[in-house]
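Each chain, letter by letter, is given below.
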Amino acid sequence: MNTGAILTALMLGVLLTALASWAVSGLYRRRMLALMRAAPAPDDTRTTDAPAAQGVARPTVRLDLSANHRAGWRYALLLGGLSLLIGITQSVLALLFVYGDPGLLSPGRALTLGAVYAWPMALCWGLLRRWSWLRTLGAIGLYLLVMLALVSWRSVSPQPLADALTWLGGLVLIPVSITLLIGASGRIRAVAPYLLPICLLLAGASVLALQILVSGVNDPPRWLIALVGSVGAVPAIALLALAPWLLLAWPAWAIARGLAGAYRAKRFSDLWYLMAAYWFVVLAATALPALQGAGLIALTQLLPWLWIPLAGWALRGWLAPANAAPPTLLVLRVFQQDAGVQALFDRVVERWRLSGNTVLIAGTDLLSRTLDPDDLFTFLNGRLADRFVASEAQIGERLRDFDLAPDPDGRYRVNECYCFDSTWQPALAALVRQADVVLMDLRGFQARNQGCRHELGVLAAASHLQRVVLLFDGTTERGVAEADVGKAPPGRFVWVDAQRLDQRRVREISAALLGAAQAK
């Protein structure tokens, strides 16, 4: 079993994923900007009726901060418990088949080793809470320190500290490096996980072709000799490495379409897909090096991955939200404030998704947070323009296409309305009519931001909104904004100082959105 070739294919696939994701995300961003700035003539041939676009009065929905907190803790405990289950299963299989001595298996040893193997629970918590990679790495490091103490305590004979650190480091080095490469950059982290299976397939085919070439180097076929003589050795090797891509073009595209279709059909959520992808990398990084010594039986280390889809299927009823009428949050912001609004999305909107839906007008500032496999492969299929609202008559149709049902894991999706510069205002009015609560980031707001001022006027006139939370900082011209909403009923607008978006401020914003704050 050529472990080196398999690991090479894995690393090449990851590098290819990172490069492809960087290119695709850049092209997607440029295409989005070009479409938003376009001003097509109104499409009056569409038959969408105006009353549907106007919407209807919304009933009052329940906002429950404590239910949101309970859902967050329940989800965190689920991810921790699932990680422990995977780790313990992996440890039992390793003690039985990889270490070569079934006598090593004992409950204490299996639980200790399983706790060590469960270190990706820190990674899963980071995905759930949208931690920064620096914070996620810190959580992984802290977990490994606790495991170091556990291993030292459980060891029958004292082990040198350097040996224990080397062993623990070896467990996490490759998977953390891979996940950092495909997920640390905000530019590619929404794209890379969905391109990863395709790129791994292509890289594996290239490595296999080169392995076949190497195996026949002592007796090369005539066509290979002719090819090398015609183009040279290096171009010939490159051609042979890339030739399988032509054969795999259709299967790769079928994988892409399958992912997009499964996501649309709610076979999985974005969080569970990322968790499954990262756990697969972790288990593969353990199984592949063991192939050389243990043989194919080492692939049993991949079996614990099956707990993820099984748990998702078995727990879908337990994870289902109890609220039959979830609230809808509309997110508005000052554009060109990318870093600030991305942090707000990570720390506030991701928590809201445990309670209800999120709608917004699409923009490039949140591309790395909102892009899903359906969006990605719609773009790669050349049909991104079809998602844009070209006329006011199309708004009702677009809103009816919103996915407002919870995912199998109980979280709600983010729905975007793609607008041209000529159609965003009527789309905004329709989104406001659909919303129950509004979060508007006015950090950096100035009197010249006419788009935000129009939005404030629309919010002030929307009588059905339960709460509008406005974030400000030292650069916000608050007096201008207050004048724009001066005719609104008292108590509708809640101002929150978001100069520093620390943990205490995040809790304050969440409490304001869910109806537990007073106006300031």
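Residue numbers here run from 1 along each chain, matching the order of that chain's written sequence. pLDDT decides what is reported in this predicted model: residues at 70 or higher carry local features, side-chain atom pairs at 80 or more are listed and counted, and totals for whole chains, interfaces and linings draw on all residues regardless. To obtain the side-chain values, all non-hydrogen atoms of the structure were included, while hydrogens and water were left out.

The helix count covers DSSP runs of H or I at least four residues long, the strand count covers runs of E at least two residues long, and both are numbered beginning at the N terminus. Looking only at helices and strands, the chain features 21 helices and seven strands. Viewed in the frame of its principal axes, the chain has a C-alpha envelope of about 80 × 65 × 40 Å. When each of the 520 residues of the chain is scored for burial, the buried share is 51%. For the chain, long-range pairs separated by at least 24 residues make up 83% of all intrachain contacts whose partners lie at least 6 apart in sequence. Here the Shrake-Rupley method, with its probe set to 1.4 Å, supplies the accessible areas, and only the displayed protein chains count as covering residues. When the accessible surface of the chain is split by element, carbon and sulfur atoms take 64% of a total near 24,000 Å². Only four residue types enter the charge count, namely Lys and Arg as positive and Asp and Glu as negative; His and the chain termini do not. Just so you know, the charge point we use is NZ for Lys, CZ for Arg, CG for Asp and CD for Glu. For the chain, the distance from the average site of its 46 positive side-chain charges to the average site of its 34 negative ones is 4 Å. Only protein chains enter the accessibility calculation, which uses a 1.4 Å probe; a residue is then buried when its area is under 20% of its type maximum, exposed when over 50%, and partly exposed in between. We call two residues in contact when some of their heavy atoms are within 4.5 Å.

In this text, buried Ala, Val, Leu, Ile, Met, Phe, Trp, Tyr and Cys residues form a nonpolar core when linked through side-chain atoms within 4.5 Å. In this structure, Trp119, Trp272, Met275, Trp279 and Ile308 are the most contacted members of the largest nonpolar core, which totals 60 residues. Sort the elements by how many residues they give to this core and helix 11 (residues 270-294) lands first, with 13 residues. In this structure, Leu332, Leu428, Val432 and Leu470 belong to the second largest nonpolar core, which totals 36 residues.

The next point concerns the packing of helix 8 (residues 192-215) against helix 11. Packed helices, taken two at a time, are described by their axes: the angle between them and the distance between them. In contact at an axis separation of 10 Å, helix 8 and helix 11 are set at 45° when each is read in the N-to-C sense. Looking at the two axes, helix 8 sits oblique to helix 11. Between helix 8 and helix 11 lies a crossing of left-handed hand. Seen from helix 8, the contacting residues are Pro193, Tyr194, Leu196 and Pro197; seen from helix 11, they are Asp270, Tyr273, Leu274 and Val281. For this classification, Asp, Glu, Lys and Arg are treated as charged, while Ala, Val, Leu, Ile, Met, Phe, Trp, Tyr, Cys and Pro are nonpolar and the rest, including Gly, are polar. A breakdown of the residues in the contact of helix 8 with helix 11 according to their chemical character gives seven nonpolar, no polar and one charged. Here an axis means a line fitted to C-alpha atoms, over the contact stretch when the element is a helix, while the angle between two N-to-C directions is reported on a 0 to 180 degree scale. Orientation categories follow fixed angle ranges, with anything under 35 degrees roughly parallel, anything over 145 roughly antiparallel, 65 to 115 roughly perpendicular, and all other angles oblique. In this scheme the handedness of a crossing depends on how the near helix is turned from the far one: anticlockwise by less than a right angle means left-handed, clockwise means right-handed.

This brings us to empty space enclosed by the protein. A pocket here means an open set of points on a 1 Å grid, computed over the protein atoms alone, that has protein on both sides within 12 Å along at least five of seven lines. A cavity is instead a set of points where a 1.4 Å probe fits but cannot get out; residues with an atom within 4 Å of a point line either one. Grid points are joined across faces, edges and corners, and a volume is the space filled by probe spheres set on the points. On inspection of all chains with the given rule, the structure shows four cavities of 30 Å³ or more. In this model, the largest cavity occupies a volume close to 430 Å³. Surrounding the largest cavity, 26 residues form its lining, Arg130, Arg189, Asp270, Leu274 and Ser368 being those nearest its centre. Those elements that provide at least two residues to the lining of the largest cavity are helix 5 (120-129), helix 6 (133-154), helix 11 and helix 15 (367-370). Counting residues per element, the lining of the largest cavity draws most heavily on helix 11, at four residues. Classifying every residue of the lining of the largest cavity by side-chain character gives twelve nonpolar, five polar and nine charged. Taken as a whole, the second largest cavity holds about 60 Å³ of empty space. Elements that contribute at least two residues to the lining of the second largest cavity include exactly helix 5 and helix 14 (338-352).

Strand order in the open sheet formed by seven strands is 3-4-2-1-5-6-7, and the pairing between neighbours is parallel. Of all strands in the sheet, those with a lone pairing partner are strand 3 (388-389) and strand 7 (493-497), marking the two edges. Two strands pair under a simple rule: DSSP has to find at least two bridges between them. In the sheet, strand 1 (residues 328-333) pairs with strand 5 (residues 437-441) via five bridges, with the strands oriented parallel. From the neighbouring strand, Val331 faces strand 5, where its bridge partner is Leu439. The sheet strands contacting helix 19 (residues 450-461) are strand 1, strand 5, strand 6 (467-472) and strand 7, and the helix crosses strand 5 at an angle near 155°. Its contacts with the sheet place helix 21 (residues 503-513) against strand 1, strand 5, strand 6 and strand 7, and it is angled at close to 175° to strand 7.

Right, let's get into the layout of surface pockets. Its volume calculated, the largest pocket comes out at about 790 Å³. Counting only elements with at least two residues in the lining of the largest pocket, the list comes to helix 10 (233-264), helix 16 (373-380) and strand 4 (414-419). By residue number, the principal contributor to the lining of the largest pocket is helix 10, which donates six residues. When the residues that make up the lining of the largest pocket are grouped by side-chain class, the tally is eight nonpolar, four polar and 13 charged.

In terms of residue burial, strand 7 counts as a mostly covered element, since four of its five residues are buried. Where strand 6 meets strand 7, five bridges bridge the pair, whose relative direction is parallel. Paired with Val468 across the bridge in strand 7 is Phe493. Note on handedness: a crossover is taken as right-handed if, strands pointing away from the viewer, the path from the first strand over the helix to the second is clockwise. Taking the sense of rotation as the criterion, the β-α-β connection linking strand 6, helix 20 (residues 478-484) and strand 7 turns out right-handed.

Here we take up the environment of Leu315. Within the element layout of this structure, Leu315 appears in the loop between helix 12 (307-314) and helix 13 (316-319). We classify Leu315 as partly exposed; its relative accessible area is 25%. Counting along the chain gives 94 residues from Leu315 to Asp409, while the straight-line C-alpha distance between them is 7.9 Å.

Further remarks concern the pairing of strand 5. Burial analysis of strand 5 places five of its five residues in the buried class, which makes it a mostly covered element. Because side chains alternate across strand 5, one face comprises the buried residues Val437, Leu439 and Asp441, and the other comprises Val438 and Met440, equally buried. Where strand 5 and strand 6 come together, five bridges link them in parallel fashion. Across the sheet, residue Leu439 finds its bridge partner in strand 6, namely Val469. For the crossover from strand 5 across helix 19 to strand 6, the handedness is right-handed.

Looking now at the confidence of the model for the chain. Per-residue confidence from the prediction method is given by pLDDT, with values spanning 0 to 100. Mean pLDDT for the chain: 87, with 94% of residues reaching 70 or above. Per-residue pLDDT stays below 50 along residues 41-56; that stretch engages in 22 contacts with residues further than four places along the chain or on separate chains.

At a minimum axis distance of 8 Å, the contact between helix 7 (residues 161-183) and helix 11 shows a crossing angle of 145°. The hand of the helix 7/helix 11 crossing is right-handed. Where helix 7 abuts helix 11, its residues Ile174, Pro175, Ile178, Thr179, Ile182 and Gly183 lie against Tyr278, Val281, Val282 and Ala285. Tallied by class, residues from the contact of helix 7 with helix 11 come to eight nonpolar, two polar and no charged.

So, about the packing of aromatic side chains. Planes of paired rings set the category: under 30 degrees apart is stacked, over 60 is edge-to-face and the rest tilted, where pairs are Phe, Tyr or Trp rings (Trp by its six-membered ring) whose centres lie within 6.5 Å. Applying the stated rule across the entire model yields seven aromatic pairs. On the basis of an interplanar angle of 50° and a centroid distance of 5.8 Å, the ring pair of Tyr263 and Phe268 is categorised as tilted. Comparing Tyr263 with Phe268, the two get one shared label, buried. An aromatic cluster of at least three residues, connected via ring pairs, comprises Tyr194, Tyr263, Phe268 and Tyr273. Here, a charge over a ring means that NZ of Lys or CZ of Arg falls within 6 Å of the ring centre while also lying within 35 degrees of the ring normal. A cation sits over an aromatic face here: Arg74 above Trp318, 5.4 Å from the ring centre. Over the aromatic face of Tyr263 sits the side chain of Arg413, whose NZ or CZ is 3.7 Å from the ring centroid.

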